[in-house]
Amino acid sequence: MNNRYSVIAIILFVFTIFSCKDDQKKTEEELARKRDSLQNTQITKKILSDPELVQQTIRNANKKLKSGDSIYFQGSIIRSSDSLMLAVNLEGKAALQGKVSTFDKTLFRYDDHSLGALIDGKAFRIDEKSGKNYFAYTIDEKTHNINSYVIDAAENPVSISPTDKAGNYFYDLLTERKFYDNITDKDRFFKIRKSRRILNDSTLIITNPGANIYTADKPFLTMDTNLSATPYYFVTDSTWYKKLIIKGKDSLFGQMILSGRKKLPKGFTSYSSEFKNDSIFVQHVLTEKLTTDNKHLVEYTVDSVVNTFLYDRQFQFISKSSVPHRFKRSYPQYYRELKDTVFQMKTDSFAVNGRKAYWKFDVQYSRTSRPSDFEVNVLVRQKLLMDASNDRVIFRVPRSGQSQSPVPISTISDSIANESFADLNFDGLQDLSFKSGTDNNGNSRFTPYLYNPANGLFTRNAGLEGTSLFKNLIPIEKARAILYSSKTGDQSFSAIVLNLNTTGEIASKQIFWTSGKEENIQIHYQRMKDNMVLVKKDDLLPEKEWYIPNFKNDFYEWVIQYITETTPNS
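It should be emphasised that the depicted structure is a prediction, and the values quoted were computed from it without experimental measurement. (Residues numbered from 1 in each chain as written. Predicted model: local features only at pLDDT ≥ 70, side-chain atom pairs only at ≥ 80, totals over all residues. Heavy atoms only, no water.)

Enquirer: Got a sec to walk through the overall build of the chain? Specific residues and values, please.
Expert: Helix and strand counts for the chain stand at seven helices and 34 strands. Among the 570 residues that make up the chain, the fraction classed as buried is 39%. The long-range fraction of contacts in the chain, counting pairs at least 24 apart against all pairs at least 6 apart in sequence, stands at 43%. For the chain, the exposed area adds up to about 33400 Å²; of that, 49% sits on carbon and sulfur atoms. (Helix = DSSP H or I, 4+ residues; strand = E, 2+ residues; numbered from the N terminus. Buried < 20%, exposed > 50% of the residue type's maximum accessible area, 1.4 Å probe, protein only. Contact = heavy atoms within 4.5 Å. Areas by Shrake-Rupley, 256 points an atom, 1.4 Å probe, with all protein chains shown as cover.)

Written out as structure tokens, the structure reads:
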């Protein structure tokens, strides 16, 4: 009995082993089948290159053509910014009555899936909007009509339908977006384009009198459209401009300088521009003039203006901003025969207190000069204000009022503009003041020299000496006062204001000083006369919130405003 059960058990065991092997074999076959299927799917979803996708689309489109007289032969692709939406532009040929004509069709695709049938025209722009919405634009090169479509990729299936035109699609059709002052030989440039000169457009001729007018080398847009915007060259003896002209049948709607150059007596004005996007146009105007040309210095003053415009689909421009900037290009001259010698330099003459004057300097080249890099520095040994009518000395600047360190030679010519002529005693005549040292806190001290019309000289006034954190002492004309400024701590400042009477004498003294830091800044105030405190106030502006990075300038601007509004004799 036991032997029979043993035999049965052995048979069951053997059967189980073969059954497991069979199940394992089936499992391996299933896995292999799935692996092959996945590989086939990956092969099917192989990412095509643009040329491959174009060729595939051409083959599929040609299979659907009903007539043997038509064929698609080339194409191109444009994409949205996220690259999910794209348009395959196809160009075809058709034979009709013995003539060959071309036609354009567009196929839109989203995430590697074609969207519907071919659409007439050539797509040139796809805008990605919110979510999975897109605007697409096509142009019919025969009728010049532009059509727009809205594509909703969030729907299943993806929908595509005509819609009203939205964006400034002409931006995408511009042949050029940047324009430069790049004509080096104006006469030759237009001589070889004489056949392009326009002689019979009365609108252009009347609105640009005296100019020879030429068609531009390139059209404004890559395709013909119904937009009447055309670039032209306008040329005179001293100028050339490339302008965008917007006009109707008999009238001029607008014009904008894209690039150009105007010759000036001692320089030039240059124009360049760029269409930044479909709504912003930026124009750069640069004027360079020779402003100094003497033995020791050649210098050009450059005025740069950046004009920003908003523009619409009709290329009507609206000014948005204009940002000017001025700088100088200096080319100092170095004469080896003057090395180790003291030589003279003079400024141009200028008017001061009813007569012509000029500055004369005795200078010497410093060892820090690098002539090959147009870097020439000098030590000023003497500085004199001279009468231009007789070359006599009006004023000899004290040694303390001159820089003890080498200075760029260009600052000598700039001294006319940089000198601190100001009416410090409010008699209508210009006075002088110069740095004469520093106080214990490192603040620069200035000494005024008041002009005396009786003898035509400048005389030191010790009573008006004081410190300044700025270029010089600051007169407050409306209050007949002089502002003195100093730094008294890390974020602490002081302002002393001397009010002068009609004879130029000190009438009263006002003092402002700060304490505290950042959110807890306090302004303190005293008004004094004859060394007696008449008014004293603390925490003058308890509610004022100061902008800490610009606290110094804001504080002194407020002091000037306060003095102007509150001084009794203002």
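Still more to cover.
Enquirer: Requested: an account of empty space enclosed by the protein, with residues and values cited.
Expert: Scanning the entire structure with this criterion turns up one cavity of 30 Å³ or more. Approximately 40 Å³ is the volume found for the largest cavity. Lining the largest cavity, in full, are T175, E176, F179, K218, P219, F220, P231, K242 and L258. Residue composition of the lining of the largest cavity, by class: five nonpolar, one polar and three charged. (1 Å grid on protein atoms, 1.4 Å probe; cavity = no way out; pocket = protein on both sides within 12 Å on 5 of 7 lines; lining within 4 Å. Points joined across faces, edges and corners; volume = space filled by probe spheres on them. Nonpolar A, V, L, I, M, F, W, Y, C, P; charged D, E, K, R; others polar.)

Enquirer: Tell me about the packing of aromatic side chains, residues and numbers included.
Expert: Tallying each qualifying case throughout the model produces 49 aromatic pairs. Judged by centre distance (5.2 Å) and plane angle (70 degrees), the rings of F275 and Y311 are edge-to-face. With a gap of 36 residues between them, F275 in strand β15 (residues 267-275) and Y311 in strand β17 (residues 297-311) connect regions that are remote in the sequence. With respect to burial, F275 and Y311 carry one shared label: buried. The lysine or arginine in question, R177, covers the ring of Y171, its NZ or CZ lying 4.0 Å from the ring centre. (Phe/Tyr/Trp six-rings, centres within 6.5 Å; stacked < 30°, edge-to-face > 60°. Lys NZ or Arg CZ within 6 Å of the ring centre and 35° of its normal.)

Enquirer: Outline the sheet that holds strand β33 (residues 522-529), listing residues and values.
Expert: Either a parallel or an antiparallel arrangement is found when strands of a sheet pair, and the pairing is made through backbone hydrogen bonds. Overall, antiparallel pairing links the six strands, which are arranged β29-β30-β31-β32-β33-β34 in an open sheet. Each edge of the open sheet carries a strand with a single partner, namely β29 (474-476) and β34 (532-537). Going across the sheet, the axis of each strand differs from the next one's by a mean of 20 degrees, ignoring polarity. By the bridge criterion, seven bridges tie strand β32 (residues 506-515) to β33 in an arrangement that is antiparallel. (Pairing = 2+ DSSP bridges. Axes fitted to C-alpha atoms, helices over the stretch in contact; angles between N-to-C directions.)

Enquirer: Describe the confidence of the model for the chain, listing the residues and the values that go with them.
Expert: In this model, the chain carries a mean pLDDT of 87, and residues with pLDDT of at least 70 account for 89%. Counting contacts from residues 11-18, a segment whose pLDDT is below 50, to residues more than four positions away or on other chains yields zero contacts. For residues 40-44, every residue scores under 50 in pLDDT, and the model assigns this stretch zero contacts once sequence neighbours within four places are set aside. (pLDDT = per-residue confidence, 0-100.)

Enquirer: Explain the nonpolar core residue by residue, including any values.
Expert: Soluble globular proteins tend to pack their nonpolar side chains together in the buried interior. Ranked by size, the top nonpolar core spans 27 residues in total, and within it W359, V363, L385, F395, F421, L432 and F458 carry the most contacts. When residues of this core are traced back to their parent elements, those giving at least two are β19 (343-346), β20 (350-352), β21 (355-365), β22 (377-387), β23 (393-396), β25 (432-438) and β26 (444-452). Examining the composition of this core, we find that five residues originate from one element, β21, more than from any other. Not counting residues within four places of it along the chain, the set of residues in contact with F421 comprises F350, V352, W359, L385, Q430, D431, L432 and F458. (Core = buried A, V, L, I, M, F, W, Y, C linked by side-chain atoms within 4.5 Å.)

Enquirer: I'd love a proper account of the sheet that holds strand β5 (residues 122-128), names of residues and values included.
Expert: Judged by pairing direction, the sheet is antiparallel, and its four strands sit side by side in the order β5-β6-β7-β8 without closing on themselves. Edge positions in the sheet fall to β5 and β8 (159-163), since each of these pairs with one other strand and no more. Between one strand and the next, the sheet's axes are offset by a mean angle of 25 degrees, whatever the strand orientation.

Enquirer: Pulling in residues and values, what's your account of a nonpolar patch on the surface?
Expert: Residues M532, L534 and V535 make up a contiguous nonpolar surface patch of roughly 280 Å² in combined accessible area. Along the chain, M532 falls in strand β34. (Patch = residues over 30% accessible without salt bridge, like charges linked within 9 Å, V, L, I, M, F, W, Y side chains within 5 Å. Salt bridge = Lys/Arg side-chain N within 4 Å of Asp/Glu carboxyl O.)

Enquirer: Outline helix α2 (residues 50-64), listing residues and values.
Expert: Helix length check: α2 (15 residues) gives 21 Å between terminal C-alpha atoms against 21 Å at 1.5 Å per residue, within 8%. What α2 keeps buried is the set L53, V54, T57, I58 and A61. Along the long axis of α2, the arc covered by the buried residues comes to 135 degrees, so they all point the same way. Of the residues in α2, the exposed ones pointing more than 90 degrees away from the buried face are P51 and K63. Looking at the buried residues of α2, the elements they touch are β1 (70-79), β2 (85-96), β3 (99-110) and β4 (113-120). (Expected span 1.5 Å × (residues − 1). Arc of directions from axis to C-beta.)

Enquirer: Residues and numbers for the side chain of D152, please.
Expert: When you line up the elements, D152 lands in strand β7 (residues 146-152). No salt bridge is formed by the buried D152; the nearest opposite charge belongs to K132, separated by 8.6 Å. A polar contact is formed between the side chain of D152 and the backbone nitrogen of A154, at a distance of 3.0 Å. Residues in contact with D152, not counting those within four places in the same chain, are K132, N133, V158 and S159. (Lys, Arg positive; Asp, Glu negative; His and termini not counted. Polar contact = N/O pair within 3.5 Å; in protein donor to acceptor, adjacent residues only side chain to side chain.)

Enquirer: Which residues make up helix α7 (residues 551-566), and what values do they have?
Expert: Turn by turn, an α-helix covers 3.6 residues, leaving residues three or four places apart pointing in a common direction. For α7, spanning 16 residues, the distance from its first C-alpha to its last is 22 Å, which sits close to the expected 22 Å at 1.5 Å a residue. Taken together, the buried positions of α7 are occupied by F551, F555, Y556, W558, V559, Y562 and I563. Buried residues of α7, seen end-on, are gathered within an arc of 155 degrees and therefore sit on one face of the element. Across α7 from its buried face, at more than 90 degrees, point the exposed residues E557 and E565. Considering only its buried residues, α7 is in contact with β29, β30 (481-487), β31 (493-500), β32, β33 and β34.

Enquirer: Kindly report on the pattern of salt bridges, identifying the contributing residues and their values.
Expert: Applying the stated criterion to the full structure yields 19 salt bridges. Among the ionic pairs, R125 bridges to D172, the shortest N-O distance being 2.8 Å. Here the residue R125 occupies a position in strand β5, and D172 occupies one in the loop between β8 and β9 (178-179), the gap between them amounting to 47 residues. Taking the relative accessible area as the measure of exposure, R125 reaches 7% and is therefore buried. The salt bridge partner of R193 is D217, with a shortest N-O separation of 3.0 Å.

Enquirer: Talk me through unusual backbone geometry; I want residue IDs and the actual numbers.
Expert: Positive phi values are uncommon outside glycine, yet D340 reaches one of about 65 degrees. Note on D340: relative accessible area 63%, which makes it exposed. Backbone geometry places D539, a non-glycine residue, at a positive phi of 50 degrees. With respect to the helices and strands, D539 occurs in the loop between β34 and α7. Under the relative-accessibility criterion, D539 is labelled partly exposed at 29%.

Enquirer: How would you summarise the environment of V378 if you had to cite specific residues and measurements?
Expert: Its location among the elements puts V378 in strand β22. When the C-alpha atoms of V378 and I412 are compared, they prove to be 9.3 Å apart, with 34 residues separating the residues in sequence. Sequence-distant contacts of V378, defined by excluding residues within four places in its chain, comprise V363, Q364, Y365, S366, S405, P406, V407, I409 and I412.

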